[in-house]
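Observations on chain architecture
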Amino acid sequence: MQTIRIKTPSPDSAPGSRARPARDLAPLLAGAAAAVGGVGAVLAFADVDWPLRAPCTLFFLLAAPSGALAAVLRGLAPLGRAVAAVAGAIAVDMLVAQGMLAVHRWSAPGGIVAVTAISSLILLLSPARRLRGRTARRRTP
């Protein structure tokens with residue numbers, strides 16, 4: 001009688017350890033979205049006459065605030081975070097448009113600048129809020 005040894009598979013050859021295409025695709029899609037949004041903002045700011053200017057600009061106006069808000073709302077479930085971020089982006093866009101119309105200063109480049117500034121502030125305040133929370137927890141014994 002012969003003893004057969006069972007070899008445990010190496011971690012590299014395990015069936016679940018293969019690179020998942022969806023995991024590799026997420027950074028690529030994020031980069032493509034940033035590129036499309038950036039192109040839309042530049043085209044609207046430069047007033048270039050191109051058929052895809054309006055869709056790219058609209059994508060930027062939705063993607064910039066929703067990305068910033070999604071970074072702030074890290075504690076929510078992914079679907080809830082996406083819904084809240086898109087709703088917040090629409091609210092930011094509407095508030096910018098309403099404010100610009102109220103003061104009679106409506107312009108497309110001005111709206112792009114205002115939405116970019118608000119999105120940047122939201123995105124930059126997120127790490128500051130997290131750092132402040134850490135220092136408060138360290139102080140309490």
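Computed from a predicted model, the values in this text were never measured in an experiment. (Residues numbered from 1 in each chain as written. Predicted model: local features only at pLDDT ≥ 70, side-chain atom pairs only at ≥ 80, totals over all residues. Heavy atoms only, no water.)

Tracing the backbone through its elements, the reader meets Thr57 in helix α2 (residues 53–72). In terms of polar contacts, Thr57 uses its side chain to reach the backbone carbonyl oxygen of Arg53, at 2.7 Å. Each residue touching Thr57, except ones within four places of it in the same chain, is listed here: Gly40, Ala44 and Ile112. (Helix = DSSP H or I, 4+ residues; strand = E, 2+ residues; numbered from the N terminus. Polar contact = N/O pair within 3.5 Å; in protein donor to acceptor, adjacent residues only side chain to side chain. Contact = heavy atoms within 4.5 Å.)

This paragraph deals with the pattern of salt bridges. For the coordinates displayed, the defined rule picks out one salt bridge. One salt bridge connects Asp47 with Arg53, and the closest N-O pair in it is separated by 2.9 Å. Since its relative accessible area comes to 59%, Asp47 is described here as exposed. A relative accessible area of 26% means that Arg53 is categorised as partly exposed. (Salt bridge = Lys/Arg side-chain N within 4 Å of Asp/Glu carboxyl O. Buried < 20%, exposed > 50% of the residue type's maximum accessible area, 1.4 Å probe, protein only.)

In this structure, the largest pocket spans a volume of roughly 330 Å³. Forming the boundary of the largest pocket are 17 residues, of which Thr57, Leu61, Trp106, Ala108 and Ile112 lie nearest the centre. Counting residues per element, the ones that place at least two in the lining of the largest pocket are α2, α3 (78–102) and α4 (108–139). Broken down by element, the lining of the largest pocket gets its largest block of residues, six residues, from α2. For the lining of the largest pocket, the residue count by class is twelve nonpolar, two polar and three charged. (1 Å grid on protein atoms, 1.4 Å probe; cavity = no way out; pocket = protein on both sides within 12 Å on 5 of 7 lines; lining within 4 Å. Points joined across faces, edges and corners; volume = space filled by probe spheres on them. Nonpolar A, V, L, I, M, F, W, Y, C, P; charged D, E, K, R; others polar.)

This is a description of form; function is not addressed.
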